[in-house]
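Structural overview
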Amino acid sequence: MKLTKQEQQMFNGELGEAARESMEILVALGKIYDAERMVPVTSVQVSGVSYKTIGEAGLEYLADLAAKGGKVRVPTFLNPAGMDESQWREMRIPEDFAKKQIAVLDAYTKMGIMKTCTCAPYFIGIRPRKGEHIAWAESSAVAFANSVLGAMTNREGGPSALAAAICGVTPYYGLHIDSNRISRLVVDVDCELKTIADFGALGSLVGKLAKNNHPAFRGVKNASEEQLKVLGASMAATGSVPLFFVENVTPEWNVTDSAEKIRITEDELKGEKKKLDSGLKPNLVTIGCPHASLKEIREVADMVGRKKPTCEFWVCTSRKLKEEAEKLGYAKAIEAAGGRVVADTCMVVCPLESMGYSVTGTNSGKAAAYLPNLCKQKVAFGDLEEILYR
Ligand code: F3S
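So, here is what we can say about the structure in this document. Treat the numbers as computed from the prediction; the structure is a model and nothing was measured. Within each chain, residue numbers correspond to sequence positions counted from 1 in written order. In keeping with the model being predicted, local features are shown solely for residues with a pLDDT of at least 70 and side-chain atom pairs are shown and tallied solely at 80 or more, while totals for entire chains, interfaces and linings include all residues. The side-chain numbers reported here are obtained from all heavy atoms of the structure, hydrogens and water having been left aside.

**A short note on the sheet that holds strand β7 (residues 215-218)**
What counts here: Only strands joined by at least two bridges in the DSSP assignment are considered to pair. Helix and strand definitions here come from DSSP, where helices need a minimum of 4 consecutive H or I residues and strands a minimum of 2 consecutive E residues; each element is numbered from the N-terminal end. By definition in these notes, contact holds between two residues if any of their heavy atoms fall within 4.5 Å. Every axis corresponds to a line fitted to the C-alpha atoms, with the helix fit spanning only the stretch in contact, and the corresponding angles, defined between N-to-C directions, vary from 0 to 180 degrees.
As summarised here, the arrangement of the four strands in space is β8-β7-β6-β9, forming an open sheet in which the pairing is parallel. Across the chains shown, the open sheet's two edge strands, defined by having one partner strand only, are β8 (245-246) and β9 (255-265). In the sheet, β7 pairs with β8 via two bridges, with the strands oriented parallel. If you follow Phe 217 over to β8, its bridge partner there is Val 246. Across the sheet, helix α9 (residues 266-276) lies against β6 (183-190) and β9, angled at about 70° from β9, the strand it touches most.

Following this line, the structure appears as structure tokens:
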């Protein structure tokens, strides 16, 4: 691989041990994928933040890198952690877990990383422009950045994202190259998509059919950013899809002439929704996978203000939007209806399985895919209005 003078200095250890170890990771990755060089990145999103997912080995790795003087060179921010730092006791997070989680966050902040703790950084103003090279790690954020914003990123792993942050570059391969951003799978949507759950079920279904393709959707009349984030997140969960196109909606539409074509009907969509749903009444409904926007928080506040849900519920979002929701009175309306606005974490990466819940409701295909294995939950899947009052 061709390295610039500064990259070579990092590789040789002239710019510190943390930079040397990080550049070693990037060069190894570049060799695997045949990258001829590195490309500078303008921002990095680091995953591997919840102590639940990284465990003791992950914490040791981070603490060690921070102790070796690891410092990020570009704006870098975090994926959700395993708990809301300001209300973990009220949420019944075990104390041992909380201590470890705080140590993980301390190691990241020591390296100069912003404690955003969100999988939807694009809702708090972190919005790379079309064609901008970035190194993001969380699968739904990657899908959104590539597809909805037109930025360019591979799906980084936790260590490779952190290495990119410390070195300010990432290997130039995959979705950093225009000619790889094409679709060989056209999806004709022959059904009505009204709710977030419709987009979640569509994503869940198409992810399973995508087979390493970048799906290109036709027939979606319009879609909000909230609907697109759920579509992308769900496909990323069931099919590791990092990029998709929606005709006349997303900034790119590159489809090969020989693309395979599939059609999704009303019955198939209904069938997928049914498949994802256990039919049980949830003891907790979780909203915001990926993290809720302010508009979604307001809609929930309006809904539960009209009628109190029949179960506990959380609205998961970033700390910044939680604070805005508090200022605007949305959080108060949600609390008055028996809910909680939860920041920094989510239903999947917090230790839900140790908190007394067994059936969790969601309208996201991603949460529905992960809750059974990662949190030992049965899933109540459906439109928000239905699962909140089931
Ligand atoms: Fe975000 Fe957690 Fe869903 S990290 S995408 S809310 S599983």
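**Looking at the packing of helix α5 (residues 139-149) against helix α8 (residues 225-239)**
Note the following rule: In these notes the angle categories are as follows: under 35 degrees is roughly parallel, over 145 is roughly antiparallel, 65 to 115 is roughly perpendicular, and the rest is oblique. Left-handed describes a crossing whose near helix is turned anticlockwise from the far helix by less than a right angle; the clockwise case is right-handed.
Close contact between α5 and α8 brings their axes to 8 Å; oriented N to C, the two are set at 125°. When the axis of α5 is compared with that of α8, the two are oblique. You can see that α5 and α8 cross each other, and the crossing is right-handed. Contacts between α5 and α8 involve Ser 139, Ser 140, Ala 143, Phe 144 and Val 148 from the former and Glu 225, Leu 228, Lys 229, Gly 232, Ala 233 and Ala 236 from the latter.

**Details of the pattern of salt bridges**
Basically, it comes down to this: Throughout this description, the term salt bridge denotes a Lys or Arg side-chain nitrogen within 4 Å of a carboxyl oxygen of Asp or Glu. Under the scheme applied here, a residue whose accessible area is under 20% of the maximum for its type counts as buried, over 50% as exposed, and between as partly exposed, the area being computed with a 1.4 Å probe on protein chains only.
Evaluated as defined, the whole model comprises 26 salt bridges. The salt bridge partner of Arg 181 is Glu 252, with a shortest N-O separation of 2.8 Å. A residue pair is termed long-range when its members are at least 10 positions apart, and Arg 181 in the loop between β5 (169-171) and β6 and Glu 252 in the loop between β8 and β9 qualify at 71 residues. Of the two residues examined, Arg 181 and Glu 252, each falls in the buried class. Linking Asp 190 and Arg 263 is a salt bridge whose minimum nitrogen-to-oxygen distance equals 2.7 Å. You can see Asp 190 sitting in strand β6 and its partner Arg 263 sitting in strand β9, a full 73 residues away along the chain. For Asp 190, a relative accessible area of 41% gives the class partly exposed. Sharing partners across several salt bridges, the network here consists of Asp 84, Arg 319, Lys 322, Glu 326 and Asp 344.

**What to know about the nonpolar core**
As a reminder of what qualifies: As used here, the term nonpolar core means buried Ala, Val, Leu, Ile, Met, Phe, Trp, Tyr and Cys residues forming a set that is joined through side-chain atoms within 4.5 Å.
Residues Tyr 108, Phe 217, Phe 313 and Trp 314 are the most contacted members of the largest nonpolar core, which totals 127 residues. If near-sequence neighbours (up to four positions away) are discounted, Phe 313 is found in contact with Leu 284, Val 285, Ile 287, Val 300, Val 304, Ile 334, Ala 337, Gly 338, Gly 339, Arg 340 and Leu 388.

**Let's talk about the side chain of Thr 116**
In this fold, Thr 116 is placed in the loop between α4 (95-110) and β4 (135-136). Thr 116 sits in the buried class, given a relative accessible area of 12%. When sequence neighbours within four positions are dropped, the list of residues in contact with Thr 116 reads Phe 77, Leu 78, Ile 124 and Ile 126.

**As for the packing of aromatic side chains**
Selection rule: Stacked, tilted and edge-to-face pairs are distinguished by plane angle, under 30 degrees for stacked and over 60 for edge-to-face with tilted covering the rest, among Phe, Tyr and Trp rings (Trp via its six-membered ring) whose centres lie within 6.5 Å.
On inspection of all chains with the given rule, the structure shows eight aromatic pairs. Consider the rings of Tyr 122 and Phe 123, whose centres lie 4.8 Å apart with planes at 70°: the pair is edge-to-face. When the centroid spacing of 6.1 Å and the interplanar angle of 90° are considered together, the rings of Trp 314 and Tyr 357 count as edge-to-face. Remark: Tyr 357 occurs in the loop between β12 (339-343) and β13 (359-362) and Trp 314 occurs in strand β11 (residues 312-317); sequence separation between them is 43 residues. Each member of the pair, Trp 314 as well as Tyr 357, is classed as buried.

**Brief notes about the layout of surface pockets**
One way to see where empty space is left: roll a probe the size of a water molecule over the atoms. To keep things clear, this is the line we draw: Points on a 1 Å grid over protein atoms alone make up a cavity when a 1.4 Å probe fits among them but cannot get out, and a pocket when they form an open set with protein on both sides within 12 Å along at least five of seven lines; lining residues each have an atom within 4 Å of a point. Grid points are joined across faces, edges and corners, and a volume is the space filled by probe spheres set on the points. Amino acid classes used here: Ala, Val, Leu, Ile, Met, Phe, Trp, Tyr, Cys and Pro are nonpolar; Asp, Glu, Lys and Arg are charged; the rest, including Gly, are polar.
Of the volumes computed, that of the largest pocket is approximately 460 Å³. Residue lining of the largest pocket: 27 residues in total, with Asn 79, Glu 138, Val 349, Lys 366 and Tyr 370 positioned closest to the centre. For the lining of the largest pocket, the secondary structure elements donating two or more residues are α5 and α13 (365-375). No other element matches the three residues that α13 contributes to the lining of the largest pocket. When the residues that make up the lining of the largest pocket are grouped by side-chain class, the tally is 12 nonpolar, 11 polar and four charged.

**Overview of the site of the ligand**
For the record, the criterion: One heavy atom within 4 Å of a molecule or strand is enough for the residue carrying it to be called near that molecule or strand.
For the ligand, the full set of nearby residues is Pro 80, Cys 119, Glu 138, Ser 140, Gly 288, Cys 289, Pro 290, Cys 346, Val 348 and Lys 366. For the shell around the ligand, the residue count by class is six nonpolar, two polar and two charged.

**Overview of helix α3 (residues 51-67)**
Where we set the bar: For a helix, the expected span equals 1.5 Å multiplied by the residue count minus one. Note that the bend at a residue is defined as the angle between axes fitted to the seven residues ending at it and the seven residues starting at it. For the purposes of these results, a polar contact is taken to be a pair of N or O atoms within 3.5 Å, where, inside protein, one atom must be able to donate a hydrogen and its partner to accept one; residues adjacent in sequence count only when each atom of the pair is a side-chain atom.
Between its first and last C-alpha atoms α3 spans 19 Å; for 17 residues at 1.5 Å apiece the expected length is 24 Å, and the helix comes up short by more than 12%. Residue Ala 57 marks the point of greatest curvature in α3, where the axis turns by about 70°. If you check which residues of α3 are buried, you get Tyr 51, Gly 55, Gly 58, Leu 59, Leu 62, Leu 65 and Ala 66. In the core, the buried residues of α3 are packed alongside α2 (17-32), α4 and α6 (158-167). Its side-chain oxygen 3.0 Å from the backbone nitrogen of Lys 52, Ser 50 forms the N-cap of α3. Residue Gly 69 follows α3 closely and has a positive phi angle near 90°.

**Some details on the environment of Val 39**
By the element assignment, Val 39 lies in strand β1 (residues 38-40). When residues no more than four places from it in sequence are discounted, the contact partners of Val 39 are His 133, Gly 168, Val 169, Thr 170, Pro 171, Tyr 172 and His 176.

**Regarding a negative patch on the surface**
For clarity, the threshold we go by: A residue counts toward a patch only above 30% relative accessible area and without a salt bridge, and it is joined to like-charged neighbours within 9 Å or, for Val, Leu, Ile, Met, Phe, Trp and Tyr, to nonpolar neighbours within 5 Å. For the area figures, the Shrake-Rupley method with a 1.4 Å probe applies, and any residue is considered shielded solely by the protein chains shown. His residues and chain termini do not enter the charge count, which takes Lys and Arg as positive and Asp and Glu as negative. Note on charges: their place is set at NZ of Lys, CZ of Arg, CG of Asp or CD of Glu.
Negative charge collects at one region of the surface, where Glu 192, Glu 266, Asp 267 and Glu 268 lie side by side. Mapped onto the elements, Glu 268 comes out in helix α9.

**Looking at the sheet that holds β11**
Pairing in this open sheet of five strands is parallel, and the strands run β12-β11-β10-β13-β14 from one edge to the other. Of all strands in the sheet, those with a lone pairing partner are β12 and β14 (378-381), marking the two edges. In this sheet, neighbouring strand axes are inclined to one another by 25° on average, regardless of whether the strands run parallel or antiparallel. Bridge analysis of β13 against β14 gives four bridges, and the strand direction is parallel. Its bridge partner being in β14, Gly 361 is matched across the sheet by Ala 380.

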